[in-house]
Structure formats: structure tokens, C-alpha cells
Amino acid sequence: MAEALTGGCQCGAVRYRITGQVGNASICHCRMCQKAHGAPIVGWMNVPDGQLEWTRGEPATFRSSSKAVRRFCAACGTPLAIRDDEETATDVATATLDKPERMPPLRQYGVEGKVSWFDTAHALPGQETEEITHSFQHPDFDTAQWPISTEPVR
């Protein structure tokens, strides 16, 4: 991967940069991930030690199991990463990337927790976010300062 991957939390208090080759991306359906993210699935990418740099702020931590620590933004609550005590890498939530489409999943885990309607959700009628609300979240790119504005992000 030539270009660094960047991302961060919803409010912009925590930002990160990933350099070098990352491991495969996956999605997880397990109940721990569902509850930690409040979502039916969570996308992850495996980032070897030394390739993840927190460029703004430091994430807070929560030990969610006997072998792993989750990292999140203490200001807005965005789940950012999970680190298994026995691994030499951190799994970063792909949806927190500025360009999440760069890391499509290649495998799925925790399939015993897969919600029954997941495979048909893509067929539901759709609506764009801006039709119902204006976002105040940090934009999907690094900024020199934070917060940058209280105006809606477009």
C-alpha cells in the first residue's frame, strides 16, 4: 500500500494514520462486536505493530474480554480499534477510515451472531443522509485544528 490510510472518530478528537501493508479486512457478526458498535456487523482491518500512529488525541480503552482491549474516543464514543493481548497487531474499525471503500472485507467471522435480516437488507428502500439531517461530524480528511467548525459538513 503506497498511500497512507487515515481516519478517526466522529468528532475529530482522535485521528490516526496507517502506513505500510495492512492485513486482510474482514467483517464480524459476533455479539461482542455488535454491542460494542451498536451495529449488526463491524468491519476490521489488521494493522501490524509500528504501522498505526495516533496523530491527534489518544483513544480511551475498555477491556471487553479476558484477552482483548477495545479503543474508542472518550469525547464522542466512536469505537476505533481492538487489540488482542497475544497478537502483534491491532484491528482497526474500517468504517472509521476516511475512505473505507479502500479496505473491502475478504472474510467474515462470528457468523453464529449474524442477524437474520442481514442478507436481505441491501434490498430495502434507500434515502441519503442529507435528506433527513445535517452532519456536524469531523470531515473525512485530516485538519490542522479541531474542532474546525460548528457548521454542517457537506
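The structure contained in this document is the topic of the report that follows. Since the model is a prediction, treat every value here as computed from it, not as a measurement. (Residues numbered from 1 in each chain as written. Predicted model: local features only at pLDDT ≥ 70, side-chain atom pairs only at ≥ 80, totals over all residues. Heavy atoms only, no water.)

A look at the sheet that holds strand 8 (residues 79–84)
The strands that make up a sheet pair up through hydrogen bonds in the backbone, lying either parallel or antiparallel.
Then, number 1: Here we have 7 strands laid out as an open sheet, ordered 6-7-8-9-4-3-10, and mixed in their pairing. Bordering the open sheet on either side are strand 6 (60–65) and strand 10 (107–109), each of which pairs with just one other strand. Going from strand to strand, the sheet's axes swing by 30° on average, the running direction of each strand aside. (Pairing = 2+ DSSP bridges. Helix = DSSP H or I, 4+ residues; strand = E, 2+ residues; numbered from the N terminus. Axes fitted to C-alpha atoms, helices over the stretch in contact; angles between N-to-C directions.)

Notes on the packing of aromatic side chains
Then, number 1: Considering all chains together, one arrives at 1 aromatic pair under this definition.
Then, number 2: On the numbers, 5.9 Å between centres and 80° between planes, the contact of Tyr16 with Trp54 is edge-to-face. Of this pair, Tyr16 sits in strand 2 (residues 15–18) while Trp54 is found in strand 5 (residues 52–56), placing the two residues 38 residues apart along the sequence. (Phe/Tyr/Trp six-rings, centres within 6.5 Å; stacked < 30°, edge-to-face > 60°.)

A few points about the state of the cysteines
Then, number 1: If you walk through the whole model with that rule in mind, you get 0 disulfides.
Then, number 2: You can see Cys28 has no disulfide; the closest cysteine sulfur is in Cys30, sitting 3.5 Å from it.
Then, number 3: Take Cys28: its relative accessible area is 9%, and that puts it in the buried class.
Then, number 4: Free of any disulfide, Cys33 has its nearest cysteine sulfur in Cys30, 3.7 Å distant. (Disulfide = S-S within 2.5 Å. Buried < 20%, exposed > 50% of the residue type's maximum accessible area, 1.4 Å probe, protein only.)

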